[in-house]
Amino acid sequence: MSDIYDGPATVRIGSDERTIRVRLAGHVEPIDGRYHWQGTVFDELAGDVKLPQQITVTVGANQAQARIVERTPQGGYSVAGVGGPPFALGASA
């Protein structure tokens, strides 16, 4: 079963912080037993972002470290993280 979050999140890269729309999904990976989550950042980030890039994603009171993996053809960014996600588990949007 997959957990999904689609909505606003605060993304911080270095000193740049902005609230943007994200769509994130995650699951427990049976091979390593850890929670893996990934998704898309739909809005623009700072123009000089070099990829891959470490970021912090915050949704409400939940915060998680992740990395921007690549720029998507649609204009957003792919994001991935391992461990507790930045969204509440079990609350699909």
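Everything that follows concerns the structure shown earlier in this document.
The shown structure was predicted, so the numbers you read here are calculated from the model rather than taken from an experiment.

Reading the values: the criteria
Residues numbered from 1 in each chain as written. Predicted model: local features only at pLDDT ≥ 70, side-chain atom pairs only at ≥ 80, totals over all residues. Heavy atoms only, no water. Pairing = 2+ DSSP bridges. Helix = DSSP H or I, 4+ residues; strand = E, 2+ residues; numbered from the N terminus. Axes fitted to C-alpha atoms, helices over the stretch in contact; angles between N-to-C directions. Core = buried A, V, L, I, M, F, W, Y, C linked by side-chain atoms within 4.5 Å. Buried < 20%, exposed > 50% of the residue type's maximum accessible area, 1.4 Å probe, protein only. Contact = heavy atoms within 4.5 Å.

1. What about the sheet that holds strand 4 (residues 53-59)?
Reading around the barrel, the six strands line up as 1-2-3-6-5-4 and close back on themselves, with antiparallel pairing between neighbours. The sheet shows a mean angle of 40° between the axes of neighbouring strands, direction not considered. In the sheet, strand 1 (residues 3-13) pairs with strand 2 (residues 16-28) via 11 bridges, with the strands oriented antiparallel. Bridge pairing in strand 2 links Ile4 to Ala25.

2. Quick look at the nonpolar core
Buried together is how nonpolar side chains tend to be arranged in soluble globular proteins. If you look at the biggest cluster of nonpolar residues, it comprises 22 residues, and the most contacted ones within it are Val22, Trp37, Val41, Leu45, Ile55, Ile68 and Val79. Elements with a minimum of two residues in this core: strand 1, strand 2, strand 3 (35-41), strand 4, strand 5 (62-71) and strand 6 (77-82). Element by element, the count of residues in this core is highest for strand 1, at four residues. Residues contacting Val41, with those up to four places away along its chain left out, are Ile20, Arg21, Val22, Ile68, Gly76, Tyr77 and Val79.

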